[in-house]
Amino acid sequence: LSRQISALSISKSPMSMGTSASPLPTRAVLSGASRSTSYLLSRVTSDSSSCQTPLAPSKPSSNGLPMSVRTDDLANTNTDMILRKLSSAAVSAKEAEIVGPSSSSPATKFASSYVEDDGTVYIHPILIQSSRGGNKLKLKPSIVKRRINKLRTYIGAEKRIRHSPWRLNLVCQFAAGLTVPEALTQLDYCEKSRAPLVAKVVRRTANLADIRDGLQYSQLEVAECFATHGTHLKRLKIMGRGRSGTKRRRHSHMRLVLREIDFELKIAQAKTLNQKKRWAEKRALAERDAEGARAEREEIEKLERAAEARRLAEEAAKEKK
């Protein structure tokens, strides 16, 4: 094992350079080692006894980094930066200074990813570490439940639908668990006969959220969507050989619950780095939609105030005459 460790080299990787938006310090990438060798190397470097005899450093290479370093230097290699760069993600240096790995506050860990104007997705090392094998970070169920209970919810319903509840649930499954834009896209391409009805209920409930609290479609998710039995109508069923029976005209009741999306919680709970990046992009889209809706409401209020002032001025002029 010591022979393998001495044969390892450190080379400068172009993927470890910082991005133009947020320059990062140059990092060293471990090359020439298999996964099993890297695991053994980490086990050896973690033991204090194995670092007693350092390896002699050789001449520096053309890029300024030594061709071989001591084992305790290998232990200080920032593997998070390697994984982050190999996954085409990045973290700003300013953010890394503000929120460090020693931060223990859940709120501090959640405020950890954003999307730049050029489309670059920045994710904090804490969340990247939680998506990797080994030392995974898991949120306590009490924290998740407490954050979900604080979110705003909006309930929609449709009564006495002339459709079987079993078949209507097949349509509701397309929307359950998705964001509102994704659910509407699924329902638009669904060929079931009651898909337009479910889409109408989703839009109606989302408009209710916009009227009450100004939440846009991209800020809502479908928390619940299912159908239950309604009042079935009994009819005569004519059968052969002079027999008759009872057939039921089935009806259904539909229930829909839209909930505000906690993007920080979604990013923290995502299992893979790509899922975290997708949720970060969705959060950026939701922020843009909310900002546009806020500007539109302010413009409408400004026009309404101007119209009211004009009406009062006209009434005052009529009274003078």
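Owing to the predicted nature of the structure, the values given are computational and were not obtained by experimental measurement. (Residues numbered from 1 in each chain as written. Predicted model: local features only at pLDDT ≥ 70, side-chain atom pairs only at ≥ 80, totals over all residues. Heavy atoms only, no water.)

> Account for the pattern of salt bridges, with residues named and values stated.
Inspection of the entire model under this criterion finds twelve salt bridges. Put simply, Lys282 and Glu182 hold a salt bridge, and the shortest N to O gap is 2.8 Å. With a gap of 100 residues between them, Lys282 in helix H13 (residues 273-320) and Glu182 in helix H10 (residues 180-188) connect regions that are remote in the sequence. For Glu182, a relative accessible area of 30% translates into the label partly exposed. When the shortest N-O distance is used, the salt bridge between Glu221 and Lys266 registers 3.2 Å. With Glu221 in strand S6 (residues 220-229) and Lys266 in helix H12 (residues 263-269), this residue pair connects regions lying 45 residues apart in the sequence. (Salt bridge = Lys/Arg side-chain N within 4 Å of Asp/Glu carboxyl O. Helix = DSSP H or I, 4+ residues; strand = E, 2+ residues; numbered from the N terminus. Buried < 20%, exposed > 50% of the residue type's maximum accessible area, 1.4 Å probe, protein only.)

> Describe the pairing of strand S7 (residues 233-238), listing the residues and the values that go with them.
Counting buried positions along S7 gives zero out of six residues, so the element sits mostly on the surface. Inspection of the sheet shows S7 paired to strand S8 (residues 244-249) by six bridges, in the antiparallel sense. Paired with Lys237 across the strands is Gly245, a residue of S8. Counted along the chain from S7 to the antiparallel partner S8, the turn is five residues long, and its residue Arg241 has a positive phi close to 60°. (Pairing = 2+ DSSP bridges.)

> Please set out the environment of Arg212 residue by residue, giving values where relevant.
Relative to the assigned elements, Arg212 resides in helix H11 (residues 195-213). Residue Arg212 is classed as exposed on the basis of its relative accessible area of 55%.

> Before we move on, could you go through the nonpolar core and cite the residues and values that matter?
Residues Val198, Leu220, Cys225, Met254 and Leu256 are the most contacted members of the largest nonpolar core, which totals 27 residues. Of all the secondary structure elements, the ones that give two or more residues to this core are strand S5 (153-161), helix H9 (165-175), H10, H11, S6 and strand S9 (252-260). Broken down by element, the residue count for this core peaks at eight residues, all from H11. Sequence-distant contacts of Met254, defined by excluding residues within four places in its chain, comprise Gly156, Ala157, Glu158, Ile161, Leu168, Cys172, Val198, Val201, Cys225, Phe226 and Ala227. The next biggest cluster of nonpolar side chains, apart from the first, holds six residues, and it includes Phe263, Ile267, Ala280 and Ala286. (Core = buried A, V, L, I, M, F, W, Y, C linked by side-chain atoms within 4.5 Å. Contact = heavy atoms within 4.5 Å.)

> Lay out the packing of aromatic side chains in plain terms, naming residues and giving numbers.
Tallied over the entire structure, the rule returns one aromatic pair. Over the aromatic face of Trp279 sits the side chain of Lys282, whose NZ or CZ is 4.3 Å from the ring centroid. (Phe/Tyr/Trp six-rings, centres within 6.5 Å; stacked < 30°, edge-to-face > 60°. Lys NZ or Arg CZ within 6 Å of the ring centre and 35° of its normal.)

> Outline the packing of H9 against H10, supporting the account with residue identities and numerical values.
Running from N to C, H9 and H10 point in directions that differ by 140°, and their axes come no closer than 8 Å. Comparing their axes, H10 and H9 come out oblique. Here Val171, Phe174 and Ala175 of H9 come into contact with H10, specifically with Ala183, Gln186 and Leu187. Its residues assigned to classes, the contact of H9 with H10 comprises five nonpolar, one polar and no charged. (Axes fitted to C-alpha atoms, helices over the stretch in contact; angles between N-to-C directions. Parallel < 35°, antiparallel > 145°, perpendicular 65-115°, else oblique. Nonpolar A, V, L, I, M, F, W, Y, C, P; charged D, E, K, R; others polar.)

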